[in-house]
Amino acid sequence: LRRQRQMCIRDSFTGVCTALVTPMINGEVNYPMLERLIARQLEGGIRALVLCGTTGEAPTLTDEEKISIISRAKQVTGDDCLIIAGTGSNDTSHAVRLSRQAQEAGADAVLVVSPYYNKATPEGLCLHYQAVALSVQLPVVVYNVPSRTGVDIPVSVYRELAAMDNIAGVKEATGDMKKILSIRAQCPAHFRLWSGCDELTVPTLALGGMGVISVLSNLYPEMTQTMVNAGLDGDFDTAADLQIRFEPIIRALFSQPNPIPVKAAMKQMGFDCGEPRLPLTPASHQLVAKLGTLLQTT
């Protein structure tokens, strides 16, 4: 049953998946707060979480911390929520090893960012993702975020990867709607597309996207779901109204490197998730004040 559930992510992972922050206290993972955050997401109706991704400060988490976070989260959620583990690396063997460990820890899928710094060729990108997919019995979600990795995965790579049964699709975070259109036009229907940019959630849904992997839903899980569900149901008047309503807070959440702003906003909402680990620094006083105003008016 677990195997069937894992491989059905293409059908079941629609709507909102929260890219959860990693709460810290005195520089260490704050597990009691992690459980509070997960409980809040479940109460808000969220049924998929990305852990140890960009928003979760993956670059400064140790492998041991990542596996501990995944394991603890799965213990809390049971079968009530999909746990999607960030297991990417610029070292293919490391990504393979971490993906296997995440599977053993109870993850339902893995989110694998494209190799950063190396500047892999399209062939290298294909081989990297194929190696990860062959190493696990989990769905693999490709994560394309060239603003952080330095490489924009070509659509031709997606077409090739779509031939693998357990490569579910892509979290596309280019912010380029032409790229979104090209993916939908050139890739098979079973290769799913999720928005990786909160500001483009509704436009992506209009082009056949399955949902969003969201930073915003850390703050507003219920309202983000209302927006996405409206889009999925074809009610783009409601979805667009909410997208426009959220625009100022989304802009603020990405005015400094993620997750600096969202951690500051969470604290103002009563969820002190601590400061990000260096080299990221706390939000500026000006941003904290701006977030406070936006949280009162959104």
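This structure is a prediction, so every number in the text was calculated from the model and none was measured. (Residues numbered from 1 in each chain as written. Predicted model: local features only at pLDDT ≥ 70, side-chain atom pairs only at ≥ 80, totals over all residues. Heavy atoms only, no water.)

(A) A look at the overall build of the protein. Across its full length, the protein holds 14 helices and 10 strands. A compact globule built from 298 residues would reach a C-alpha radius of gyration of about 19 Å, and the protein, at 18 Å, matches this within 12%. Taken over the C-alpha atoms alone, the protein extends approximately 45 × 45 × 40 Å along its principal axes. Of all 298 residues assigned to the protein, the portion counted as buried reaches 57%. Partitioning the intrachain contacts of the protein with sequence separation of at least 6 by distance along the chain shows that 72% fall at a separation of at least 24. Considering the protein, the positive charge centre built from 26 side chains and the negative charge centre built from 29 side chains are found 2 Å apart. (Helix = DSSP H or I, 4+ residues; strand = E, 2+ residues; numbered from the N terminus. Rg over C-alpha atoms; globule rule 2.2 N^0.38 Å. Buried < 20%, exposed > 50% of the residue type's maximum accessible area, 1.4 Å probe, protein only. Contact = heavy atoms within 4.5 Å. Lys, Arg positive; Asp, Glu negative; His and termini not counted. Charge placed at Lys NZ, Arg CZ, Asp CG, Glu CD.)

(B) A look at the pairing of strand β5 (residues 82-86). Among the 5 residues that make up β5, 5 are buried, leaving the element largely enclosed by the rest of the structure. Side chains Leu82, Ile84 and Gly86 of β5 all project onto a buried face; the interleaved residues Ile83 and Ala85 project onto the opposite face, where all are buried too. As for the winding sense of the linkage, the β-α-β connection from strand β4 (residues 48-51) through helix α4 (residues 63-77) to β5 is right-handed. One ladder, built from 3 bridges, connects β5 with strand β6 (residues 109-113); its direction is parallel. (Right-handed = clockwise from strand over helix to strand, strands pointing away. Pairing = 2+ DSSP bridges.)

(C) Local environment of unusual backbone geometry. Put simply, Asn258 and Pro259 share a cis peptide bond, and its omega is 10°. Residue placement: Pro259 occurs in the loop between α12 (236-253) and α13 (260-268). For the peptide bond that leads from Leu278 to Pro279, omega is 15°, which places it in the cis range. Tracing the backbone shows Pro279 in the loop between α13 and α14 (285-297). Of note in this structure, Tyr117 is not a glycine but carries a positive phi near 70°. Tracing the chain through its elements places Tyr117 in the loop between β6 and α6 (122-135). With relative accessibility at 75%, the residue Tyr117 sits in the exposed group.

(D) Fine view of the pairing of strand β1 (residues 15-19). Among the 5 residues of β1, 5 are classified as buried, and the element is accordingly described as predominantly covered. Where β1 meets strand β10 (residues 211-214), 4 bridges bridge the pair, whose relative direction is parallel. When the sheet's bridge partners are listed, Val16 is paired in β10 with Val212. Here β1 pairs with β4 via 2 bridges, running parallel. Counterpart to Ala19 in the pairing with β4 is Val50.

(E) Seen up close, the state of the cysteines. As enumerated under the stated definition, the model contains 0 disulfides in all. Just so you know, Cys17 is unpaired, no disulfide at all, and the nearest cysteine sulfur is the one on Cys81, 7.5 Å from it. (Disulfide = S-S within 2.5 Å.)

(F) Fine view of the packing of α4 against helix α5 (residues 92-104). At a minimum axis distance of 10 Å, the contact between α4 and α5 shows a crossing angle of 30°. Taken as axis vectors, α4 and α5 run roughly parallel relative to one another. Crossing handedness for the pair α4 and α5: right-handed. On α5, the residues touching Asp63, Lys66, Ile67 and Ile70 of α4 are His94, Leu98, Gln101 and Ala102. Residues belonging to the contact of α4 with α5 are distributed by class as follows: 4 nonpolar, 2 polar and 2 charged. (Axes fitted to C-alpha atoms, helices over the stretch in contact; angles between N-to-C directions. Parallel < 35°, antiparallel > 145°, perpendicular 65-115°, else oblique. Left-handed = near helix turned anticlockwise from the far one by under 90°. Nonpolar A, V, L, I, M, F, W, Y, C, P; charged D, E, K, R; others polar.)

(G) Region of the structure containing the pattern of salt bridges. Throughout the structure, instances matching the rule amount to 7 salt bridges. Lys179 is the salt-bridge partner of Glu172, the closest N and O atoms lying 3.2 Å from each other. The buried category is assigned to Glu172, whose relative accessible area is 2%. Connected through shared salt-bridge partners, Asp152, Glu172 and Lys179 make up one network. (Salt bridge = Lys/Arg side-chain N within 4 Å of Asp/Glu carboxyl O.)

(H) Quick peek at the sheet that holds β10. The strand order β1-β4-β5-β6-β7-β8-β9-β10 describes a closed barrel built from 8 strands, whose pairing is parallel. On average, adjacent strands in this sheet sit at an angle of 25° to one another, irrespective of strand direction. Helix-sheet contacts for α6 involve β6, β7 (140-144) and β8 (167-172), and the interaxial angle to β6 is about 160°.

(I) Looking closely at α13. Within α13, 7 of the 9 residues are buried, which leaves the element mostly enclosed by the surrounding structure. All of the buried residues along α13 are Ile260, Pro261, Val262, Lys263, Ala264, Ala265 and Met266. In this structure, the buried side of α13 is in contact with β2 (24-25), α3 (31-43), α12 and α14. Positioned one or two residues after α13, Gly270 has a phi angle of 95°, which is positive.

Keep in mind that these numbers describe shape and distance, not what the molecule does.
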